[in-house]
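Below are the chains, spelled out letter by letter.
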Amino acid sequence: MAETQVVIIAHNDLDGIAAASVIYRALKLRGAKIKLLYSQPHSIEKILLMASKPKLPSKIYVVDIAFNESAKEKLLNSLKELAKRNVKIVWIDHHPSTIRFARELKESGVEVHVASTLSVAPIVRKIFLEKTDDPEFYEKILMLGEAGDRARTLRQNKALSEIYESVSFALEEDPMDFELRQHLTRLWGEKKQLIDDLIALKAEKGKKRYDEIVSVAQNHVIADTSKLKILDMTGKTMKGFSGRLAVETVEKEGKVVAVMLRSGYDEMVVVLRVPKSLNINAGELARELGLKLNGSGGGHPKAAAVRLPISKKMDVVKLLLQKVG
Ligand SMILES: [Mn+2]
């Protein structure tokens, strides 16, 4: 039997990579030849194109990537085109936008596996864990993924929580480092090793960088009320630390936190995090900001993000003050 050419396109965060490595293991055992790519929701079309070259694979797995509503028609068309050319696409995800568009995806020829869970891990656990040769090891990997999406705490498991700490700092140190992501996916999916020197080294670098960012952030507060804090980090290099900065600020202050960061020449991303105690939906808020201010946003009730023109900075502040208080 000829080897099957498979591409896995995973979200570039820990949840995505953990899920990808379990799928990688299961498929590898069945003799698949696998190419690993990483994407964010807004770049999925470009990455799908990369997945189709130099020759078409027989299957593409899209893992932990939110359906990009603002590029809906284009994206559905590319998917239909791939289906027509006999590429089987499997979309595995837990983001609300993917769930909302599951029907359209199916109608475009995509096999969809969605559930409204806090991480993609439970979906992957159900489909792939028993198809690996070491469910005990891969359960640990899925737990790391869940911790990455704050779906689980590892407080009870000291060894695993140390691994989590290193791996997450290493990944955040450079969110565009796809080589490191391939390295990690293979470390887990092929070598069955939790951590190695390269990851530990990157983690050290990341921790130092994050400490600097935390101290700089204190001088970049542009709004601070009893319910809301907005940090304008658009002039600073944030690497992949905006989510961590937002979460830690939420935990410290119990307020809604928005972190603004530059994501391109004239574009910014606003990362939103909401404390458990407040009944405000971050995902809906991000969507609304996107619709009103010429961008695109979405996410979960407690964690979301929106991509906007950088010229809309003060409008964001105004709208957030209006909506959150
Ligand atoms: Mn996820």
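Thresholds, definitions, all that
- Residues numbered from 1 in each chain as written.
- Predicted model: local features only at pLDDT ≥ 70, side-chain atom pairs only at ≥ 80, totals over all residues.
- Helix = DSSP H or I, 4+ residues; strand = E, 2+ residues; numbered from the N terminus.
- Rg over C-alpha atoms; globule rule 2.2 N^0.38 Å.
- Buried ≥ 20, exposed ≤ 12 C-beta atoms within 10 Å, placed from the backbone.
- Contact = placed C-beta atoms within 7 Å.
- Axes fitted to C-alpha atoms, helices over the stretch in contact; angles between N-to-C directions.
- Parallel < 35°, antiparallel > 145°, perpendicular 65-115°, else oblique.
- Left-handed = near helix turned anticlockwise from the far one by under 90°.
- Nonpolar A, V, L, I, M, F, W, Y, C, P; charged D, E, K, R; others polar.
- Pairing = 2+ DSSP bridges.

1. Description of the overall build of the chain
(1) Moving on: Of regular secondary structure, the chain possesses 13 helices and 11 strands.
(2) Moving on: For 325 residues, the compact-globule formula gives about 20 Å, and the C-alpha radius of gyration of the chain, at 19 Å, lands near that figure.
(3) Moving on: By the burial criterion, 47% of the 325 residues in the chain qualify as buried.
(4) Moving on: When contacts within the chain are restricted to residue pairs at least 6 apart in sequence, those whose partners lie at least 24 apart make up 63%.

2. Some details on the packing of helix α1 (residues 14-29) against helix α9 (residues 178-189)
(1) Moving on: Running from N to C, α1 and α9 cross one another at 50 degrees; their axes reach a closest spacing of 8 Å. Overall, the two elements α1 and α9 adopt an arrangement that is oblique. Between α1 and α9 the crossing geometry is right-handed. Across the interface between the two elements, Ile-17, Ala-20, Ser-21, Tyr-24, Arg-25 and Lys-28 from α1 touch Arg-181, Leu-184, Thr-185, Trp-188 and Gly-189 from α9.
(2) Moving on: Split into classes, the residues belonging to the contact of α1 with α9 amount to 5 nonpolar, 3 polar and 3 charged.

3. Structural notes on the sheet that holds strand β9 (residues 267-273)
(1) Moving on: Here we have 6 strands laid out as an open sheet, ordered β6-β7-β8-β9-β11-β10, and mixed in their pairing. Two strands in the sheet have a free side with no partner beyond their single neighbour: β6 (221-224) and β10 (296-299). Shown here is a sheet whose adjacent strand axes are inclined to one another by a mean of 15 degrees, direction ignored.
(2) Moving on: Here strand β7 (residues 228-232) pairs with strand β8 (residues 256-264) via 5 bridges, running parallel. Note that in β8 the partner of Ile-230 across the bridge is Ala-258.

4. So, the sheet that holds strand β4 (residues 88-93)
(1) Moving on: Judged by pairing direction, the sheet is parallel, and its 5 strands sit side by side in the order β2-β1-β3-β4-β5 without closing on themselves. Edge strands, defined here as strands with exactly one partner in the open sheet, are β2 (33-39) and β5 (110-114). The sheet shows a mean angle of 15 degrees between the axes of neighbouring strands, taken without regard to direction.
(2) Moving on: Inspection of the sheet shows strand β1 (residues 5-11) paired to strand β3 (residues 59-63) by 5 bridges, in the parallel sense. Pairing of Val-6 across the sheet is with Lys-59, part of β3.

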